[in-house]
Amino acid sequence: MKDVRYAEKKISLWKNKKFLTILMGLFIISIMVFSVLYYGLDTSGQAKVEYKGLEFIQTNQGWQTYTEEEKKILLLSDPRDLENVSSFGVSLDFLSAVGMLYLSFNPEEDVSGALYDFQVNVEYSGGLVAACYEESEACADVPIKTCADAGLGTGVILFKEANASSVVLEGNCLTIEGENLLLLTDRLILDQYV
């Protein structure tokens, strides 16, 4: 019987399916990477606002800036709206002396934006607990905390809607009250840096 030899047919590199699959994969990955870099680094379409030496850029999460110490600040309110809010001269330094902090509010009032901005921007390493400042059905499962509960090692921050705006610190109790709690809280946050 005669030996049959099969000649191996050489396939050109461009007709090799495995090579083409890898090449297409690399092409698609590079397009994705460059598009993310382009859109991620392009700030030309973003609104920029200057507020007392800080340059804010509007992002999907809110208005963002960095302090000279590279601390990120992210606010929900437009910094231009804070120009008309009075500074109350209150320092948040008392937070370093408390191990437990109660954020006390009425759940029927619009406090979500103020609470969010406070939690995102204020550095606090102790225990943080949501509370109410008066009893109601909505507060059945949370503690009731007022300024009377603030003391050595325990801080209370009250968020209250009211006709007159004020930010008052008495001992370890901070009361933020007014018609627009978000603006008051954002002004308090920025006062810590400017």
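For the structure itself, consult the block above.
Residues numbered from 1 in each chain as written. Predicted model: local features only at pLDDT ≥ 70, side-chain atom pairs only at ≥ 80, totals over all residues. Heavy atoms only, no water.

K.L.:
How should the packing of aromatic side chains be read in this particular structure?
P.N.:
We describe a pair of aromatic rings using the distance from one ring centre to the other and the angle between the two ring planes. The full count for this structure, using the stated rule, is one aromatic pair. Judged by centre distance (6.1 Å) and plane angle (80°), the ring pair of F118 and F159 falls under edge-to-face. Note that F118 is positioned in helix 2 (residues 112–121) and F159 in strand 7 (residues 154–161), a separation of 41 residues in sequence. A cation over an aromatic ring shows up here: K145 above the ring of Y102, its NZ or CZ 4.6 Å from the ring centre. (Phe/Tyr/Trp six-rings, centres within 6.5 Å; stacked < 30°, edge-to-face > 60°. Helix = DSSP H or I, 4+ residues; strand = E, 2+ residues; numbered from the N terminus. Lys NZ or Arg CZ within 6 Å of the ring centre and 35° of its normal.)

K.L.:
Honestly, empty space enclosed by the protein in this entry has me stumped. Any pointers?
P.N.:
By rolling a water-sized probe across the atoms, one finds the places where empty space is left. Applying the stated rule across the entire model yields one cavity of 30 Å³ or more. By volume, the largest cavity amounts to about 30 Å³. Forming the boundary of the largest cavity are F88, G89, V90, V167, L184, R187, L188 and D191. Here the lining of the largest cavity takes four residues from helix 3 (residues 181–191), the largest share from any one element. Here the residues of the lining of the largest cavity are counted per class, giving five nonpolar, one polar and two charged. (1 Å grid on protein atoms, 1.4 Å probe; cavity = no way out; pocket = protein on both sides within 12 Å on 5 of 7 lines; lining within 4 Å. Points joined across faces, edges and corners; volume = space filled by probe spheres on them. Nonpolar A, V, L, I, M, F, W, Y, C, P; charged D, E, K, R; others polar.)

K.L.:
Which parts of the structure should I look at to understand unusual backbone geometry?
P.N.:
Glycine aside, residues mostly have negative phi angles, and peptide bonds mostly take the trans form. One non-glycine residue with positive phi stands out, namely K52, at about 45°. Looking at the element boundaries, K52 is found in the loop between strand 1 (48–51) and strand 2 (54–58). Backbone geometry at E70 places phi at a positive 65°, although glycine is not the residue there. Its relative accessible area of 61% is what places E70 among the exposed residues. (Buried < 20%, exposed > 50% of the residue type's maximum accessible area, 1.4 Å probe, protein only.)

K.L.:
Can you walk me through the sheet that holds strand 5 (residues 100–105) in this structure?
P.N.:
The strands making up a sheet associate through hydrogen bonds between their backbones, and the pairing can be parallel or antiparallel. Reading across the sheet, the five strands line up as 6-5-7-9-8 and stay open at both edges, with mixed pairing between neighbours. Pairing within the sheet leaves two strands with one partner each, and these edge strands are strand 6 (127–131) and strand 8 (166–170). Looking at each pair of strands side by side, their axes are set apart by 15° on average, direction ignored. Relative to strand 6, strand 5 runs parallel, the two sharing five bridges. Across the sheet, residue L101 finds its bridge partner in strand 6, namely L128. Helix 2 contacts strand 5, strand 6 and strand 7 of the sheet and is inclined by roughly 160° relative to strand 5. (Pairing = 2+ DSSP bridges. Axes fitted to C-alpha atoms, helices over the stretch in contact; angles between N-to-C directions. Contact = heavy atoms within 4.5 Å.)

K.L.:
What exactly am I supposed to notice about the nonpolar core here?
P.N.:
A general trend in soluble globular proteins is that nonpolar side chains are found buried together. In this structure, L95, F118, I157, F159, L174 and I176 are the most contacted members of the largest nonpolar core, which totals 34 residues. Going through the elements one at a time, strand 1, strand 2, strand 4 (72–75), strand 5, helix 2, strand 7, strand 9 (173–178) and helix 3 are the ones with two or more residues in this core. The leading source of residues in this core is helix 3, at six residues. In this structure I157 touches F94, L95, L101, Y102, L103, S104, F118, L174 and I176, once residues within four positions along its chain are discounted. Y102, A131, Y133 and C173 belong to the second largest nonpolar core, which has six residues in total. (Core = buried A, V, L, I, M, F, W, Y, C linked by side-chain atoms within 4.5 Å.)

K.L.:
It is not clear to me how the pattern of salt bridges should be interpreted in this structure. Could you clarify?
P.N.:
Proximity of charged atoms lets side chains of opposite charge pair with each other. Overall, the coordinates contain two salt bridges when judged by the stated rule. For D78, the salt bridge identified is with R80, shortest N-O distance 2.6 Å. Under the relative-accessibility criterion, D78 is labelled buried at 16%. Between R187 and D191 there is a salt bridge, with its nearest N and O atoms 2.9 Å apart. (Salt bridge = Lys/Arg side-chain N within 4 Å of Asp/Glu carboxyl O.)

K.L.:
Is there a simple way to think about the sheet that holds strand 1 in this case?
P.N.:
Overall, antiparallel pairing links the four strands, which are arranged 1-2-3-4 in an open sheet. For this open sheet the edge positions go to strand 1 and strand 4, each flanked by a neighbour on one side alone. When the angles between neighbouring strand axes are averaged without regard to direction, this sheet yields 25°. Pairing of strand 3 (residues 63–66) with strand 4 involves four bridges; the strand directions are antiparallel. Opposite Q64, over in strand 4, you have L74 as the bridge partner. Packing of helix 3 onto the sheet brings it into contact with strand 1, strand 2 and strand 4, and relative to strand 4 it is tilted by some 165°.

Structural measurements only, silent on function.
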